[in-house]
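# Summary of structural features
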Amino acid sequence: MKKAFSLVELLVAVAVFSIAGLPIFSLYFNTGLGQQKLIRDFLAVTTVTEKVINRVNQEIEEQNLPMARFNFDKNISNSITKGQSQDPDLKFLDNSFVDKSGEAAFRYIQHSESRFSTTPFTITKGSVPASHRSNNPELLQEVLTSIEKRSKLLEVTTQWRDTSRILHDFNVILIKAVVPES
Amino acid sequence: MNRQIMNHKNSGMTMLELIIYAAISILIGGFMLNLLWGGKNVETGRKRLGILQDLRISSLKMNRELTQATEILFPPPDGKKYSQLAFLTCEGELVVIFLDDKQNLNMLNYDELKREKRPPYLLAHKTLDFYVSRPEDAQDYVQYFIQILDEKELPFVLSDGISVKNIIR
């Protein structure tokens, strides 16, 4: 008789197993599903950000984006999700998202903010491999100065919150000559 | 006689014991169901992710082909939406991306089909919508929209755009 479990022992064992096991399994499932949602949202954000930076690149190629020559930082969330920024400088982006494609891509993302900025691009002699440096340091400096004067660092950043309110961000950088060669 | 009566009494269950056993069984059953249900959800989620990842790979394949194109034959640069995309690759081969009547999004290299009978490359299953447009003010920029259904029959949208580099004029 003493070798068997009593009812109380069995009850305690089941209770302990349940209390210990349920949170662990719950954590596993919730984490797994949370990560899957994160990857889904990440795919949507990366493609939309890629679309924006490619459009920016195209505008500069067509010399349609004179504002790229200056430093600025603009919120482009309305352009992406509504296709209506009310900002004449961002009309080209509105045109790309007026079909509500951005809104559809961000369907499952509750809170997001996208920004488009340009900052000066700096390059030093150390950026040029030693084998490519000429024996004329003045000429090299002149080339580097010319690159710095003509180029900008353009950046598109999207920040979003997942279902657990954790903040994520993704950014794409484009370094581009924005002033035509004289 | 007394021993017999006692043995008989011990062989059954009291109502309290029955209730406790039932409660334990329900608890264990509920736990097992939760385990199975959660596992099924994770498995479905994995399949959904697989579909989305395949779509992203297809998008990268489209972008790679498109960025090297030498001529966009269709759609015209008028800012309107069209359901097909036709272009010439850097090798001068005709490639068409289209949605068929089985909701499959395909990429067909017409020259490879003629030469090697190679079937179209399947870009995505269960495609609800696919359209392409070229803005009037950026002719060498092609943007596209793909809406698919995932494993849970929920719509997922991929919206991308690409600058075409090798246009010959």
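Everything below is about the structure shown above.
All values reported here derive from a predicted model rather than from experimental measurement.

### Topic: the overall build of chain B
Within chain B, the secondary structure is distributed over three helices and eight strands. For the C-alpha atoms alone, the extent of chain B along its principal axes is close to 110 × 40 × 25 Å. Out of the 169 residues belonging to chain B, those deemed buried represent 23%. Taking as baseline every contact in chain B between residues at least 6 positions apart, the subset at least 24 positions apart corresponds to 44%.

### Section: the nonpolar core
Judged by nonpolar contacts, the single largest core of 47 residues is most densely connected at V52 of chain A together with L66, V142 and I146 of chain B. Top element by residues in this core is helix α1 (residues 7-61) of chain A. It accounts for seven residues.

### What about the sheet that holds strand β3 (residues 94-99) of chain B?
Residue and element names in this part refer to chain B. Spatially, β1-β2-β3-β4-β5 is the arrangement adopted by the five strands of the open sheet, whose pairing is antiparallel. Among the strands making up the open sheet, the edge pair consists of β1 (71-74) and β5 (121-124). Each strand axis lies, on average, 25° off the axis of its neighbour in the sheet, ignoring direction. Pairing of β1 with strand β2 (residues 84-88), which is carried by three bridges, proceeds in the antiparallel orientation. If you follow E71 over to β2, its bridge partner there is L88. This element, helix α2 (residues 15-67), spans β2, β3, β4 (105-109) and β5 of the sheet and lies at about 120° to β5.

### Some words on the interface of chain B and chain A
For interface size, the figure often reported is the accessible area lost on association. With 35 residues of chain B in contact, the opposing surface of chain A contributes 35 residues. Here the side of chain B that touches chain A takes 17 residues from α2 of chain B, the largest share from any one element. A breakdown of the residues in the side of chain B that touches chain A according to their chemical character gives 17 nonpolar, eleven polar and seven charged.

### Describing α2 of chain B
For α2 of chain B, built from 53 residues, the straight-helix expectation of 78 Å at 1.5 Å per residue is met to within 8% by its first-to-last C-alpha distance of 77 Å. The set of residues buried in α2 of chain B consists of G45, L52, L55, S58, S59, M62 and L66 of chain B.

### Regarding the environment of N109 of chain B
Residues and elements named next belong to chain B. Residue placement: N109 occurs in strand β4. Using a count of 19 C-beta atoms within 10 Å as the deciding quantity, one classes N109 as partly exposed. Setting aside its immediate chain neighbours within four residues, N109 contacts E93, V95 and R118.

### Digging into the sheet that holds strand β6 (residues 127-133) of chain B
Residue and element names in this part refer to chain B. With antiparallel pairing, three strands are arranged side by side in an open sheet as β6-β7-β8. Each having just a single partner strand, β6 and β8 (155-163) make up the two edges of the open sheet. Sheet twist, expressed as the average angle between the axes of neighbouring strands with direction ignored, equals 10°. Looking at chain direction, β6 and strand β7 (residues 141-149) are connected through six bridges and run antiparallel. Paired with F130 across the bridge in β7 is I146. Sheet contacts for α2: β7 and β8; angle to β8, the most-contacted strand, approximately 20°.

### A look at the pairing of β4 of chain B
A regular strand carries its side chains on alternate faces of the sheet. All names here are of chain B. As paired elements, β3 and β4 share five bridges and run antiparallel to each other. Bridge pairing in β4 links V95 to N109. Here β3 hands over to β4 after five residues, with Q103 in that stretch at a positive phi of 65°. Sheet topology places β4 next to β5; three bridges connect them, and they run antiparallel. In the sheet register, N106 faces β5, and the bridge partner there is L122.

### Concerning the environment of Q58 of chain A
Secondary-structure assignment places Q58 of chain A in helix α1. For Q58 of chain A, a count of 25 C-beta atoms within 10 Å corresponds to the buried category. Taking the C-alpha atoms as reference points, Q58 of chain A and F5 of chain A, 53 residues apart in sequence, are found 76 Å from one another. For Q58 of chain A, the residues in contact, after removing those within four places along its chain, are A138, D140, Y141 and S163 of chain B.

Conventions we followed
Residues numbered from 1 in each chain as written. Chains lettered and ligands numbered in written order. Predicted model: local features only at pLDDT ≥ 70, side-chain atom pairs only at ≥ 80, totals over all residues. Helix = DSSP H or I, 4+ residues; strand = E, 2+ residues; numbered from the N terminus. Buried ≥ 20, exposed ≤ 12 C-beta atoms within 10 Å, placed from the backbone. Contact = placed C-beta atoms within 7 Å. Core = buried A, V, L, I, M, F, W, Y, C linked by C-beta atoms within 7 Å. Pairing = 2+ DSSP bridges. Axes fitted to C-alpha atoms, helices over the stretch in contact; angles between N-to-C directions. Nonpolar A, V, L, I, M, F, W, Y, C, P; charged D, E, K, R; others polar. Expected span 1.5 Å × (residues − 1).

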